[in-house]
Amino acid sequence: MNSSRRAGARALILPAAAVAATTAIVAAGIATVSAILAREVVTPPGPDAPDTQVLGINEIEGTIVLSRTDFTVLPGQYGIWYGRPERLVRIGEVVAVGEHTVTRELPAQNLRGLVGHGGGRFTAWVDADPTTVAEHWENVHIPVDNGVAPAWLFPVEDENAPWLVVVHGRGTRRGEGLRAVPTAQAAGYNVLLLSYRNDGDAPASADGRYGLGLTEWHDVDAALGWVRARSAARIVLMGWSMGGAISLQTILNGEHGSEVSALLLDSPVIDWAEVLAFQARERRLPRPVRDIAVHLLGAGWASGITGLGEPVRLDRMNLVARADELRIPTLILHSVDDDVVPAEASQALAIERPDIVTLEEFAVARHTKLWNFDRERWERLVHEWLDAQREPSTQD
């Protein structure tokens, strides 16, 4: 082969090698990002970083000035985790919106020691202490797999009253459910706010990882057994966000799942694969990242990557595909602009099971902030629905 022909051959070989190397680098990058995504979704998060600046507090006028964000401009009632030591400050409706600031109402509360500037965390919580929502409540302890899980019980006087058992969402604690207590008690229900493995209150699992519902349901099932040992009354199970996925797995798999007469779900995870797909799109990640992450979560060999003691098969958690297994009345509350758990799966489940699933859609309310955004509507819907569940239905 003459020199010119050898040069031409090299010209063909080098680009091919470069393409192969580039492809390998891209594939490695996708695999790495997929591993990060898979591990992230099952790892309990640490303390959230400040996302809101407190710029001024005026107790005399009853106002607070915050940095302007997508959340601080939302209508309704919310909270700010703020101060040293950190505590919950309740905030009210928007008073004024500037280019970089938002002024909101500041309800009367104990603000001793708080200065009017510093970083805080915007939250849907408006209460963190049981004493702020009910005069009578108890600390109770529920035996679970790895020890004892604390819970808050809010009893009513009627010995035959039904029960609302509340399961909080991912990365939060039982205080998330305090918003539901007054409404449920007004409807005549005892209320039990649960903790479950790896939430920071209940005993941790051996692997310290979320099962996204596939392991946590054991703790909820234990709570149902605890309730049933004390009462023969009807039980309604309520789940917020991931608590919805946990609640659904409880009724499908739990020893006491058949004891639940109805489900109440706020911003629930109905299909985890769709949630991961949504999160990947929000981060502008290619679809293979989501697909590989789902595969890693369900693969036993990937435990060193995910940290899971047991695989998490997300196909088992697609309740749209398993809609025919549901047997009890279900109320779903979901905002169509949910920025964490898209509403499409809730809509699909309502279409698949119109005989038992009622979907009430909100807008603007985002994720688990439906009560905050439109408290009057949320409380009316929940009160009316809970009242309707007090007696056996035709599905029972």
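As the structure is a computational prediction, the values presented were derived from the model and not from experiment. (Residues numbered from 1 in each chain as written. Predicted model: local features only at pLDDT ≥ 70, side-chain atom pairs only at ≥ 80, totals over all residues. Heavy atoms only, no water.)

### Focus: the sheet that holds strand β12 (residues 235-240)
- Judged by pairing direction, the sheet is mixed, and its 8 strands sit side by side in the order β8-β9-β11-β10-β12-β13-β14-β15 without closing on themselves. Where the open sheet ends on each side, the last strands, each with one partner, are β8 (138-144) and β15 (357-362). For this sheet, the mean inter-axis angle between neighbouring strands, taken without regard to orientation, is 20 degrees.
- The pairing of β12 with strand β13 (residues 260-266) spans 6 bridges and is classified as parallel. Counted as the bridge partner of V236 is A262 from β13.
- Against the sheet, helix α4 (residues 242-253) contacts β10 (163-167), β12 and β13, and its axis sits at roughly 145 degrees relative to β12.
- Helix α8 (residues 344-352) rests against β14 (330-335) and β15 of the sheet, and its axis sits at about 145 degrees to β15. (Pairing = 2+ DSSP bridges. Helix = DSSP H or I, 4+ residues; strand = E, 2+ residues; numbered from the N terminus. Axes fitted to C-alpha atoms, helices over the stretch in contact; angles between N-to-C directions. Contact = heavy atoms within 4.5 Å.)

### Section: the packing of aromatic side chains
- Counted under the stated rule, the structure contains 6 aromatic pairs.
- A ring pair is formed by F71 and F122, whose centres lie 6.1 Å apart and whose planes are at 25 degrees; its orientation type is stacked. You can see F71 sitting in the loop between β2 (63-67) and β3 (78-82) and its partner F122 sitting in strand β7 (residues 118-123), a full 51 residues away along the chain.
- Residue class for F122 comes out buried when judged on its relative accessible area of 10%. (Phe/Tyr/Trp six-rings, centres within 6.5 Å; stacked < 30°, edge-to-face > 60°. Buried < 20%, exposed > 50% of the residue type's maximum accessible area, 1.4 Å probe, protein only.)

### A look at the pattern of salt bridges
- Using the criterion set out here, one finds 16 salt bridges in the structure.
- For E325, the salt bridge identified is with R322, shortest N-O distance 2.8 Å.
- Between R366 and D337 there is a salt bridge whose closest N-O contact spans 3.9 Å. In this pair, R366 sits in the loop between β15 and α9 (370-373) while D337 sits in the loop between β14 and α8, placing the two residues 29 residues apart along the sequence.
- Judged by its relative accessible area of 18%, R366 falls in the buried class.
- A single salt-bridge network, built from bridges that share partners, covers D145, R197 and D219. (Salt bridge = Lys/Arg side-chain N within 4 Å of Asp/Glu carboxyl O.)

### So, the sheet that holds strand β5 (residues 94-97)
- Strand order in the open sheet made by the 7 strands is β4-β3-β7-β1-β2-β6-β5, with antiparallel pairing throughout. In this open sheet, the two strands that pair with only one neighbour each are β4 (87-91) and β5. Strand-to-strand twist across the sheet, computed as the mean angle between neighbouring axes with direction ignored, equals 35 degrees.
- Relative to strand β6 (residues 101-105), β2 runs antiparallel, the two being bridged by 5 bridges. If you follow I64 over to β6, its bridge partner there is R104.

### Comments concerning the packing of helix α3 (residues 217-228) against α4
- For the pair α3 and α4, interaxial distance at closest approach is 9 Å and the crossing angle is 65 degrees. It follows from the interaxial angle that α3 and α4 lie roughly perpendicular. Here α3 and α4 pass one another in a crossing that is right-handed. In this structure, α3 uses W217, V220, D221 and L224 to contact α4, whose residues at the interface are I246, Q249, T250 and N253.
- Classifying every residue of the contact of α3 with α4 gives 4 nonpolar, 3 polar and 1 charged. (Parallel < 35°, antiparallel > 145°, perpendicular 65-115°, else oblique. Left-handed = near helix turned anticlockwise from the far one by under 90°. Nonpolar A, V, L, I, M, F, W, Y, C, P; charged D, E, K, R; others polar.)

### Some words on the confidence of the model for the protein chain
- Of the residues in the protein chain, 92% reach a pLDDT of 70 or more, and the chain-wide mean stands at 91.
- Predicted confidence for residues 4-12 stays below pLDDT 50, and this span has 2 contacts to residues more than four positions away or in other chains. (pLDDT = per-residue confidence, 0-100.)

### Re the environment of V166
- Inspection of the secondary structure assignment puts V166 in strand β10.
- A relative accessible area of 3% means that V166 is categorised as buried.
- Once residues lying within four places of it in the same chain are set aside, the contact partners of V166 are G177, V191, L192, L193, L194, M238 and W240.

### Describing unusual backbone geometry
- Look at the link from R84 to P85: it is a cis peptide, with omega at 0 degrees.
- If you trace the backbone, P85 turns up in the loop between β3 and β4.
- Not every positive phi belongs to a glycine, and N198 is a case in point at roughly 70 degrees.
- Residue N198 is classed as buried on the basis of its relative accessible area of 9%.
- Phi is positive for L212, close to 60 degrees, though the residue is something other than glycine.
- Here L212 shows up in the loop between β11 (190-193) and α3.

### Here's the deal with α8
- Within the span of α8, buried status applies to A345, S346, L349 and A350. Down the axis of α8, the sector holding all buried residues measures 140 degrees, keeping them to one side. In α8, the exposed positions that point more than 90 degrees away from the buried face belong to E344 and I351.
- Buried positions along α8 lie against β14 and β15. (Arc of directions from axis to C-beta.)

### Observations regarding the pairing of β15
- Pairing between β14 and β15: 6 bridges, direction parallel. Each bridged residue has a counterpart across the sheet, and for H334 the counterpart in β15 is E361.
- With respect to chirality, the unit in which β14 leads through α8 into the neighbouring parallel β15 is right-handed. (Right-handed = clockwise from strand over helix to strand, strands pointing away.)

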